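Structural characterization, general
Below, each chain spelled out in residue letters.
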Amino acid sequence: MALYHFSVKQVSRGKGQTVVNSAAYISGQKLYNDYYGQTHDYTKKSGVVFAEILTPEYVPERLTDRETLWNEVEKVEKSKRAQLAYSFDIALQNELTLDENIELARAFCREQFVARGMIVDLAVHEGKSKNEDEPDNPHFHVLAPIRPFTEKGSWGNKQKREYVLDEDGNRIKDAKGKDIFNAVSTTGWNDPELLKEWRRAWTEKVNEKFRECHIAARIDHRSYKEQGIDLIPTIHEGYEVRAMEKKGIKTIIGELNRAIRQFNQMFISLKESIQWMKTAYEEMKSELDRRQNPTLLESLQDYYDKKTQGRPPLPNFYAEMKRKGKNLSNLQEFAKSISYLQTHQIETMDDLQERIDELNGVVSVSKKEISEKREQLKKLENLEKMVEVIKTNQPLIDEYNHFYFQKRREKYYQQHKKEINYYRKCERELKQHLDKNGKVPTARWKREKEELQAVIEELKADNQPYQEELAFVKKVQSCADIARRDREMAEADTSGRSEEKKEKQTKFPAFHAVQTEDIFEENGKAEQQPEQKSEKKTSLLRKLDEKKKECAERDAKQQVVKKKRNHEMNL
């Protein structure tokens, strides 16, 4: 079971403690104490598997030496009852490896302590149990100076005075005439709310690691009361009962307290087991949901795996080399797809569809602009054609205008009706586009045509990358859809037949057992009744033919579906 333990105390001279001794103990080293002139040697202590000093960036390198650091802390504190350092004792988890526990402790210290400007002396203890029946107790110790080290390169103040003021803003004095003040921490590291935050942060970090490693265990920083666990309180034993129990004399109160402790332990274990079961259920359910609803990346992985591995063996060397080249191309295409999805932060099919819609919008706008420019270009080209028509047909029109007699004029018109009418139409159209001098602006039209052609080519060049990207994204979507359809078909196939049985069924379709028995029963009856033998035989053959046709139609449909899917996979 996962274990939660997170305690913090203060190393204080008033309690007869020295921080150099504490540092030597947690690190398993030999350190000399300048303040007391003593040597603290814990080199024979076993179980210390990791020790490190972590500091903010502005702290000088000399303080990364353990002996230098804590001797400076001892030296800077002048009071005989000075509080020297915070001492944390935090449990690690048996469910995690030693390396995982060490990295977890280091990351937590960096995020929660060093980030707040604290200097951290970290030591991880293996906590091996001597009794095989008892679990190991891996844990880590943290020593952090209470006095902060400032960015100016010196030790700062632990506290500051906040004077108590009256309504007029004047300082209030006590009976001895001294100003009344409150000592306030300059760092806020001793704030009870910050301790709660540290405890909660450690819980979240461990549980996050459990989830990452797919471990169902969880820890909780809340007390049993906060978790809603009601334990039975033990009875106060008193000096006499304890003395009798110590001598081996069992008492009623002692027996009752042992029963209560045993019940409480069973109750706690039961609660933890239920919590473990809930967590395991959530983990398994989420895993099942993930498998039933694969992500976009998983669908692409399935598609390219099948496309690469699902090819039959080829007969010769050149064909094999060609197959390997295709496999390499598939891998490159898959890598390109993954890179594209990560770059554009596309995680689901809906995100992919949104990207396709966005690209469609860009491409359609560009195509519309190109179409408009082409229409303008076409109009200019039509105007130029009209000018050519007028130039070509001008002699004919001049000859037509020279006829003064109506009959000859009408006869000539009927002979060249099509050319004359088209000339007049072009003339009417061109009148709207003449310049101020009444002339056709052919030079301006030529210039406008060149400009329009340049704009069209530029728009096409700008639109080309979007069109290529759109085609690529649509292909990615198609691959993911094929993989999902295959997964759904595989899950929907509940026949339970093996591949070998399916192959046999393709070669020789098997009929339903009941239908087969009915056919053979009729055949047997036909043998017993010779006079009806021919009719029964005909009926039997007809039923066999019908069944064969049904099986053949079914197999043909299956083959069409297979060919279509294989064709899509090979695209």
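Here, every reference points to the structure presented above.
About the criteria used
Residues numbered from 1 in each chain as written. Predicted model: local features only at pLDDT ≥ 70, side-chain atom pairs only at ≥ 80, totals over all residues. Heavy atoms only, no water. Helix = DSSP H or I, 4+ residues; strand = E, 2+ residues; numbered from the N terminus. Buried < 20%, exposed > 50% of the residue type's maximum accessible area, 1.4 Å probe, protein only. Contact = heavy atoms within 4.5 Å. Areas by Shrake-Rupley, 256 points an atom, 1.4 Å probe, with all protein chains shown as cover. Pairing = 2+ DSSP bridges. Patch = residues over 30% accessible without salt bridge, like charges linked within 9 Å, V, L, I, M, F, W, Y side chains within 5 Å. Salt bridge = Lys/Arg side-chain N within 4 Å of Asp/Glu carboxyl O. Lys, Arg positive; Asp, Glu negative; His and termini not counted. Charge placed at Lys NZ, Arg CZ, Asp CG, Glu CD. Expected span 1.5 Å × (residues − 1). Phe/Tyr/Trp six-rings, centres within 6.5 Å; stacked < 30°, edge-to-face > 60°. Lys NZ or Arg CZ within 6 Å of the ring centre and 35° of its normal. Axes fitted to C-alpha atoms, helices over the stretch in contact; angles between N-to-C directions. Parallel < 35°, antiparallel > 145°, perpendicular 65-115°, else oblique. Left-handed = near helix turned anticlockwise from the far one by under 90°. Nonpolar A, V, L, I, M, F, W, Y, C, P; charged D, E, K, R; others polar.

Observations regarding the overall build of the protein
In terms of regular secondary structure, the protein is built from 15 helices and 9 strands. Each of the 571 residues in the protein was classed as buried or not, and the buried ones make up 31%. For the protein, long-range pairs separated by at least 24 residues make up 66% of all intrachain contacts whose partners lie at least 6 apart in sequence. Counting only carbon and sulfur atoms, one obtains 50% of the accessible surface of the protein, whose full area is about 39100 Å².

Structural notes on the pairing of strand E3 (residues 38–41)
Inspection of the sheet shows strand E2 (residues 30–33) paired to E3 by 4 bridges, in the antiparallel sense. By the bridge assignment, lysine 30 is partnered in E3 with aspartate 41. Between E2 and E3, which pair antiparallel one after the other, the connecting turn spans 4 residues, and glycine 37 there sits at a positive phi close to 70 degrees.

A closer look at a positive patch on the surface
Residues Arg424, Lys425, Arg428 and Lys431 make up a contiguous surface patch of positive charge. Positionally, lysine 425 belongs in helix H11 (residues 417–431). Judged by its relative accessible area of 44%, lysine 425 is partly exposed.

Description of helix H3 (residues 98–112)
Over its 15 residues, H3 runs 21 Å from end to end, which matches the ideal 21 Å to within 8%, given 1.5 Å per residue. Residues of H3 that are buried include every one of Asn101, Ile102, Leu104, Ala105, Ala107, Phe108, Cys109 and Gln112, and no others. In the core, the buried residues of H3 are packed alongside strand E1 (6–12), strand E4 (48–54), strand E5 (83–91), strand E6 (120–125), strand E7 (139–145) and helix H4 (192–212).

A few points about the packing of aromatic side chains
Inspection of every chain in the model, using the stated rule, returns 16 aromatic pairs. An aromatic cluster is defined as three or more aromatic residues linked by ring pairs; in this entry it consists of Phe6, Phe88, Phe108, Phe113, Phe140, Trp198 and Trp202. One residue, arginine 13, lies across the ring of tyrosine 35, its end atom 3.9 Å from the ring centre. Positioned above the aromatic ring of tyrosine 400, the side-chain terminus of arginine 409 is 4.3 Å from the ring centre.

Examining the packing of helix H9 (residues 349–401) against H11
The axes of two packed helices give the description: the angle between them and the distance between them. At a minimum axis distance of 9 Å, the contact between H9 and H11 shows a crossing angle of 130 degrees. It follows that H9 is oblique to H11 by the angle criterion. In the crossing of H9 with H11, the sense of the turn from one axis to the other is left-handed. Contacts between H9 and H11 involve Leu383, Met386, Val387, Val389, Ile390, Asn393, Gln394, Leu396, Ile397 and Tyr400 from the former and Glu419, Ile420, Tyr422, Tyr423, Arg424, Cys426, Glu427, Glu429 and Leu430 from the latter. Per-class residue counts for the contact of H9 with H11 are 13 nonpolar, 2 polar and 4 charged.

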